[in-house]
Amino acid sequence: FTFRMQAQPVWDTFATSRATVMRFLLDWQGTPLPHDRRITVSRSEGAWRTVVFDGGGGARCLRDGGVQALGNQRYRFAVPVAMCLGGAHVLRASASFADDRDDSAADDIRLDRVPNGGGYGPFIRLPN
């Protein structure tokens, strides 16, 4: 997965206590909503974490690290398709960015959606 932010995000650091996460909702073609998988990417106190959840909210895969900053607010990470996403599928994705905009521990979450992200984007095919 490669994604780009409109501006440089303020990730959590040792000096702050921000709840900052990128979320991807994946829906298999031909299946009813809600989403079948949710992938969250976060950076907390200098470390990246990627978690894949199933449609019921149970964690399927956890990966520390593995996120590559590409410049120009772009990021890339990989998820094992067979193990974490249930194999190759044709799917559609929706994304959102959540940030509490507060350096305290308060949970005042602000949610930004990708352009035209009110629903899912175009279908993509996962590799075999």
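The structure we're discussing is the one just above.
Residues numbered from 1 in each chain as written. Predicted model: local features only at pLDDT ≥ 70, side-chain atom pairs only at ≥ 80, totals over all residues. Heavy atoms only, no water.

Moving on to the overall build of the protein. Of regular secondary structure, the protein possesses 1 helix and 10 strands. Mapped from its N terminus to its C terminus, the protein presents α and β elements in the order β-β-β-β-β-β-β-α-β-β-β. By residue count, 37% of the 128 residues in the protein fall in the buried class. Look at the contacts in the protein between residues 6 or more apart in sequence, and 52% of them connect residues 24 or more apart. Element-wise, carbon and sulfur atoms account for 51% of the exposed surface of the protein, whose accessible area totals about 7,300 Å². (Helix = DSSP H or I, 4+ residues; strand = E, 2+ residues; numbered from the N terminus. Buried < 20%, exposed > 50% of the residue type's maximum accessible area, 1.4 Å probe, protein only. Contact = heavy atoms within 4.5 Å. Areas by Shrake-Rupley, 256 points an atom, 1.4 Å probe, with all protein chains shown as cover.)

Moving on to the nonpolar core. One finds M22, F24, I39, V41, F77 and L85 to be the most contacted residues of the largest nonpolar core, which totals 21 residues. Counting residues per element, the ones that place at least two in this core are β2 (20-28), β3 (37-44), β4 (47-54), α1 (81-85) and β8 (90-99). Looking at which element gives the most residues to this core, the answer is β2, with 4 residues. (Core = buried A, V, L, I, M, F, W, Y, C linked by side-chain atoms within 4.5 Å.)

Before going further, it helps to examine the sheet that holds strand β1 (residues 2-4). In spatial order, the strands read β1-β7-β6; together these 3 strands make up an open sheet with antiparallel pairing. Two strands lie at the open edges of the sheet, namely β1 and β6 (68-71), each paired on one side alone. The sheet shows a mean angle of 25° between the axes of neighbouring strands, taken without regard to direction. Where β6 meets strand β7 (residues 74-76), 3 bridges bridge the pair, whose relative direction is antiparallel. Of the residues in β7, the one forming a bridge with Q68 is R76. (Pairing = 2+ DSSP bridges. Axes fitted to C-alpha atoms, helices over the stretch in contact; angles between N-to-C directions.)

Here L70 shows up in strand β6. In the structure, L70 is positioned 68 residues away from T2 in sequence and 9.2 Å away in space, judged by C-alpha atoms. The residues touching L70, leaving out its near neighbours within four places in the chain, are T2, Y75 and R76.

All chains considered together, the criterion is met by 2 salt bridges. Its salt-bridge partner being D27, residue R92 comes within 2.9 Å of it at the nearest N-O pair. A residue pair is termed long-range when its members are at least 10 positions apart, and R92 in strand β8 and D27 in strand β2 qualify at 65 residues. Judged by relative accessible area, D27 falls into the buried class, the value being 0%. (Salt bridge = Lys/Arg side-chain N within 4 Å of Asp/Glu carboxyl O.)

With that settled, consider the packing of aromatic side chains. In this structure the tally under the stated criterion is 7 aromatic pairs. Ring pairs connect the aromatic residues F1, F3, F24, W48, Y75 and F77, which therefore count as one cluster. Seen from the ring of F53, R38 lies directly overhead, with NZ or CZ sitting 4.1 Å from the centre. (Phe/Tyr/Trp six-rings, centres within 6.5 Å; stacked < 30°, edge-to-face > 60°. Lys NZ or Arg CZ within 6 Å of the ring centre and 35° of its normal.)

Turning our eyes to something else, we now look at unusual backbone geometry. In this structure, N72 takes a positive phi of about 55° despite not being glycine. Positive phi, normally seen in glycine, also occurs at Q73, with a value near 60°. Structurally, Q73 can be placed in the loop between β6 and β7.

A few words on the environment of W11. Here W11 lies in the loop between β1 and β2. W11 sits 32 residues away from R43 along the chain, and the two C-alpha atoms are 5.9 Å apart. Setting aside residues no more than four positions away along its own chain, W11 makes contact with M5, T16, R18, T20, V41, S42, R43, W48, Y75 and F97.

Geometry only, nothing functional implied.
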